[in-house]
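Each chain is listed here by its residues.
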Amino acid sequence: MKRREFLATVTSALLLPRVSTATSLDYSLIAEPVSTKLVPEYDFVTDMLGFNGSMPGPVLSGIQGQPLRVNVTNHLKEGTAVHWHGIRLENKMDGVPMLTQDIIEPNATFTYDFIPPDAGTFWYHSHYNSQEQVARGLAGPLIIHETTPIDIDHDINVLLSDWLMTQDGQLSEDFATMHSIAHAGYMGNYARAFFSQPAVQKGDRIRLRLINAATNRIFPLSLAGANGKIVALDGMPLETPRELGDMVLAPAQRVDLILDVTDTVELSLLTGQGGFSLGSLAIEGENTTRTTSDITALPQSNKRPMRSAERHLTLSIMGGAMGGRHNGDNVWALNDVSDLQPAPWQNFTRGETVKITLKNDTAFPHAMHLHGHHFHELDDNGQVGDFRDTTLVPADSSRDILCHFDNPGKWLFHCHMLSHAMGGMRTWVEVA
Ligand code: C2O
Ligand code: CU
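What you see is a predicted model; the values in this text were computed from it and never measured.

Caption draft 1: Focus on the sheet that holds strand β8 (residues 120–126). Strand order in the open sheet made by the four strands is β4-β9-β8-β6, with mixed pairing throughout. Here the strands that pair on one side only, and so sit at the sheet edges, are β4 (60–63) and β6 (82–85). Put simply, the sheet's adjacent strands are angled 25° from each other on average, direction ignored. As judged from the six bridges shared by β8 and strand β9 (residues 139–145), these two strands associate in the antiparallel manner. Residue pairing in the sheet places Gly 120 in a bridge with Ile 144 of β9.

What follows is the structure, given as structure tokens:
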């Protein structure tokens, strides 16, 4: 299917925008309980949460620079809010209760209205009681297309997650045990990848957008059945595409691949006991008209000028099991402070470029995510590396990032292992 046909086809997983004006794409999302056949091999259906009757939520697609409006209606028994992960949007549309908006109460609707400035692979998820609401299924892909289509036969997104299931095929209610919060977080005993379409043709060139929507699991991945390159990380195009090898996706991270299909495309989770298949794309027929060509970089329309740091700050990640902090629910801290305080960790002047050392003094890896911005990872020699919105900081090590704070507002900065965030590993900054 060509990209144009993809945009014009209605499947259960794809929601078409209703074009209300010449320039705005309109969607409606209803957060509600759903029953899903989560494990395809078994007969049971699992009670979960979803959007518009579907878990994961429908694919929302937009176009770079074109306004997007999403009416979110809450049909849950508790409040909610939706965050548009990785989008550099206006602060009041960021979906963070207490910081940027009020909770969307049951039966209420909140309209999110923003212009996505970057093309790329993003996602949306609940940002209220999120270690539980996301684990129950309140997440979906948010795909912002380039204004000029990329030369591919299929644009496919793949949402990965894991769930802790009981013998009778239901979700365990252990979303927030103190033990998991203080260790690696709520971890599933079942994992799966949801592909936005089931099959392709042999010989197709496809774009595969992988999204880690798990609350806590880091996915080491391998892919079989295709040759290709890595072309983007966290929605941001690489200047030079990279050879495809095994990949590691921390919670909330994304990777875009351009692939030439040679066989059934199989995505596997690498474990100590070998690969565990998360899902696949079947082969139906052969594409005989596709002519092979080099895989080149995506349009560099997200590029921003590099600046050097005017300030250097350190954020120490502390706590957890063996970390000696047992202060009620807050077993984690950033610079000795747990959870959101009335004042921000830092105030930044709009336009300021800051180097931040993320010093992980704990026995666990953490996936640190800054809202409203992307930042550069710096290597040990201070060389500028990947441009991301979520960086994985291994246990007992540190990572420097360089951030140009150009988006005014109140922005959360937290661990995207959502159990850790709930255990206090959250702070915020203000840009004015
Ligand atoms: Cu995707 Cu504050 O998070
Ligand atoms: Cu963490």
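Caption draft 2: Structural detail: the sheet that holds strand β27 (residues 398–405). Taken in spatial order, the six strands make up an open sheet running β20-β19-β22-β27-β24-β25, and their pairing is mixed. Of all the strands in the sheet, the pair left with one neighbour each is β20 (332–334) and β25 (384–388). Between one strand and the next, the sheet's axes are offset by a mean angle of 25°, whatever the strand orientation. Pairing analysis gives three bridges linking strand β19 (residues 311–319) to β20, with the strands arranged antiparallel.

Caption draft 3: Seen up close, the side chain of Arg 192. In this structure, Arg 192 sits in strand β11 (residues 190–195). At 3.3 Å, the side chain of Arg 192 and the backbone oxygen of Lys 37 are in polar contact. A polar side-chain atom of Arg 192 sits 2.7 Å from the main-chain carbonyl oxygen of Leu 38. Apart from residues no more than four positions distant in its own chain, Arg 192 is found in contact with Lys 37, Leu 38, Val 39, Pro 40, Leu 159, Leu 160, Ser 161, Trp 163 and Leu 278.

Caption draft 4: Spotlight on empty space enclosed by the protein. Going through the model one piece at a time under the given rule, you end up with two cavities of 30 Å³ or more. The volume enclosed by the largest cavity comes to roughly 130 Å³. In this structure, the largest cavity is lined by 14 residues; those nearest its centre are Pro 305, His 376, Phe 387, Cys 403 and His 404. Looking at which element gives the most residues to the lining of the largest cavity, the answer is β27, with three residues. Of the residues assigned to the lining of the largest cavity, the class counts are five nonpolar, five polar and four charged. In this structure, the second largest cavity is lined by Met 55, Pro 56, Val 134, Gly 137, Ala 139, Leu 159, Ser 161, Trp 163 and Ala 213. Considering every element that reaches the lining of the second largest cavity, the biggest residue donor is strand β10 (residues 154–163), with three residues. Grouping the amino acids of the lining of the second largest cavity by side-chain chemistry returns seven nonpolar, two polar and no charged.

Cut-off values and rules
Residues numbered from 1 in each chain as written. Chains lettered and ligands numbered in written order. Predicted model: local features only at pLDDT ≥ 70, side-chain atom pairs only at ≥ 80, totals over all residues. Heavy atoms only, no water. Pairing = 2+ DSSP bridges. Helix = DSSP H or I, 4+ residues; strand = E, 2+ residues; numbered from the N terminus. Axes fitted to C-alpha atoms, helices over the stretch in contact; angles between N-to-C directions. Polar contact = N/O pair within 3.5 Å; in protein donor to acceptor, adjacent residues only side chain to side chain. Contact = heavy atoms within 4.5 Å. 1 Å grid on protein atoms, 1.4 Å probe; cavity = no way out; pocket = protein on both sides within 12 Å on 5 of 7 lines; lining within 4 Å. Points joined across faces, edges and corners; volume = space filled by probe spheres on them. Nonpolar A, V, L, I, M, F, W, Y, C, P; charged D, E, K, R; others polar.

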